[in-house]
Amino acid sequence: MNRIKQKLQEDKKILSIYFSAGYPNLNDTVKIIEDLEKSGVDLIEIGLPFSDPLADGPTIQESSTAALKNGMNTVLLFEQLEDIRKSVNIPLILMGYFNPVLQYGVEEFCAKCEEIGIDGLILPDLPLDEYQEEYEAIFKKHGLINVFLITPQTSDERIKAIDDASEGFIYMVSSASTTGAKQGFGAEQSAYFERIANMQLKNPQIVGFGISNAETFEQATKKTKGAIIGSAFIKHITANGVDGISDFVKQIR
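Residues numbered from 1 in each chain as written. Predicted model: local features only at pLDDT ≥ 70, side-chain atom pairs only at ≥ 80, totals over all residues. Heavy atoms only, no water.

- An unreviewed UniProt entry annotates the protein as Tryptophan synthase alpha chain of Flagellimonas halotolerans.
- As recorded by UniProt, the Catalytic activity (unreviewed entry) comment attached to the protein reads in full: "(1S,2R)-1-C-(indol-3-yl)glycerol 3-phosphate + L-serine = D-glyceraldehyde 3-phosphate + L-tryptophan + H2O".
- Its UniProt record gives the protein the following Sequence similarities (unreviewed entry) comment, quoted word for word: "Belongs to the TrpA family." (UniProt positions renumbered as here; feature names shortened; annotations may be inferred.)

Written as structure tokens, this is what we have:
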């Protein structure tokens, strides 16, 4: 069974951490992944840096730009992750934009992910219809779960179509904005969380965008399976380097 599906069956709230591969330093990627698992994180989203990250807020944009300047690219990331399954057991997801995947070759990219032990992909700019028509068979051939995003503006009809097409979890964007840490969720987000919970989707939801501390993690996971922290974690390693990762995770739960 895919590691994502296995993890989702556990009776716990999922803490997922996102970071940009190759940041703060080019060769930090594997250490960050290993330390996150040792610190009790359930799932890791490895950001594939891209020059035009439309959905990302300033913190992730800056880390992505810095990673590119450090020399990070798709080929190098695959090289860094070549032996990752010798030391890491939790689910690993590559998150990025579709252009680098297309440039690498979709079949070749998915085959490499399978070889390394990547469990899924999050590609926000790959539309559901295009995925189903062009790429779904390739993803499934290589055992990859494709994670789709929904937002407060996504219609019930679209959400149901995404739920039908999904096999792992649905990435539930907390608000109609770019990524970034927030102080808390207001009435609008609470109503959105309630609305999705009442739809009784077959796939669990994990909330992203705006989770930065224990309070927002708890708020985000009251009616969902888990939450993703990105910008707050990147700010932490920017300020403290990659040696204090366990301290950050302890502050969340």
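That was the structure; now back to the text.
1. Some details on unusual backbone geometry
Turning to step 1, where the next piece is worked out: Backbone torsion omega between Y23 and P24 reads 0°, so that peptide bond is classified as cis.
Turning to step 2, where the next piece is worked out: Looking at the secondary structure, you find P24 in the loop between β1 (14-20) and α2 (29-38).
Turning to step 3, where the next piece is worked out: Of note, F209 is a non-glycine position whose phi angle comes to about 80°, a positive value.
Turning to step 4, where the next piece is worked out: The topology assignment puts F209 in the loop between β8 (205-208) and α10 (214-220). (Helix = DSSP H or I, 4+ residues; strand = E, 2+ residues; numbered from the N terminus.)

2. Quick word on the environment of L48
Turning to step 1, where the next piece is worked out: In this structure, L48 sits in the loop between β2 (43-47) and α3 (58-70).
Turning to step 2, where the next piece is worked out: Considered as a pair, L48 and S64 are 16 residues apart in the sequence and their alpha carbons are 7.9 Å apart.
Turning to step 3, where the next piece is worked out: The contacts of L48, once residues within four sequence positions are left out, are N73, T74, L77, M95, G96, P100 and F109. (Contact = heavy atoms within 4.5 Å.)

3. Points about the packing of aromatic side chains
Turning to step 1, where the next piece is worked out: For the structure on display, the rule yields eleven aromatic pairs.
Turning to step 2, where the next piece is worked out: Look at Y104 and F109: their rings are 5.9 Å apart centre to centre, the planes differ by 85°, and that puts the pair in the edge-to-face class.
Turning to step 3, where the next piece is worked out: Members of the aromatic cluster, joined through ring pairs, are F78, Y104 and F109. (Phe/Tyr/Trp six-rings, centres within 6.5 Å; stacked < 30°, edge-to-face > 60°.)

4. What to know about the nonpolar core
Soluble globular proteins: nonpolar side chains tend toward being buried together.
Turning to step 1, where the next piece is worked out: Counting 85 residues, the largest nonpolar core has L36, I46, L94, F139 and F233 as the members making the most contacts within it.
Turning to step 2, where the next piece is worked out: Contacts of F233, omitting those with residues within four sequence positions, involve I17, Y18, F19, I32, L36, I245 and F248. (Core = buried A, V, L, I, M, F, W, Y, C linked by side-chain atoms within 4.5 Å. Buried < 20%, exposed > 50% of the residue type's maximum accessible area, 1.4 Å probe, protein only.)

5. Details of the sheet that holds β2
Turning to step 1, where the next piece is worked out: Taken in spatial order, the nine strands of this open sheet run β5-β4-β3-β2-β1-β9-β8-β7-β6, and their pairing is parallel. At either end of the open sheet lies a strand with only one pairing partner, and these are β5 (145-147) and β6 (149-150).
Turning to step 2, where the next piece is worked out: Pairing of β8 with strand β9 (residues 226-229), which is carried by two bridges, proceeds in the parallel orientation. Bridge pairing in β9 places V207 opposite A227. (Pairing = 2+ DSSP bridges.)

6. Quick notes on the layout of surface pockets
Turning to step 1, where the next piece is worked out: For the largest pocket, the calculated volume is near 210 Å³.
Turning to step 2, where the next piece is worked out: Forming the walls of the largest pocket are 14 residues, and the residues nearest its centre are P124, L126, F148, L149 and I162.
Turning to step 3, where the next piece is worked out: Elements represented by at least two residues in the lining of the largest pocket include exactly β6 and α8 (156-165).
Turning to step 4, where the next piece is worked out: Of the residues that constitute the lining of the largest pocket, the class distribution is ten nonpolar, two polar and two charged. (1 Å grid on protein atoms, 1.4 Å probe; cavity = no way out; pocket = protein on both sides within 12 Å on 5 of 7 lines; lining within 4 Å. Points joined across faces, edges and corners; volume = space filled by probe spheres on them. Nonpolar A, V, L, I, M, F, W, Y, C, P; charged D, E, K, R; others polar.)

7. A word on the side chain of Q189
Turning to step 1, where the next piece is worked out: Within the secondary structure, Q189 is located in helix α9 (residues 187-198).
Turning to step 2, where the next piece is worked out: Note on Q189: relative accessible area 16%, which makes it buried.
Turning to step 3, where the next piece is worked out: In this structure, Q189 is in contact with S174 and S175, ignoring residues within four places of it in sequence.

8. Some thoughts on the UniProt feature "active site" (unreviewed entry) in the protein
Turning to step 1, where the next piece is worked out: UniProt records the feature "active site" (unreviewed entry) at E45 and D56, using the numbering of this structure.
Turning to step 2, where the next piece is worked out: Once you skip the residues sitting within four places of it in the chain, E45 turns out to touch S16, I17, Y18, F19, I93, M95, I122, Y171 and I228.
Turning to step 3, where the next piece is worked out: Within polar-contact distance, the side chain of E45 engages the side chain of S16 at 3.2 Å. (Polar contact = N/O pair within 3.5 Å; in protein donor to acceptor, adjacent residues only side chain to side chain.)

9. Focus: helix α6 (residues 106-116)
Turning to step 1, where the next piece is worked out: Within α6 the residues assigned to the buried category are V106, F109, C110, C113 and I116. Taken end-on, α6 shows its buried residues confined to a sector of 125°, consistent with a single buried face.
Turning to step 2, where the next piece is worked out: Looking at the buried residues of α6, the elements they touch are α4 (74-80), β3 (92-95), α5 (98-104), β4 (120-122) and α7 (128-141).
Turning to step 3, where the next piece is worked out: A positive backbone phi angle near 110° is found at G117, which sits one or two residues after α6. (Arc of directions from axis to C-beta.)

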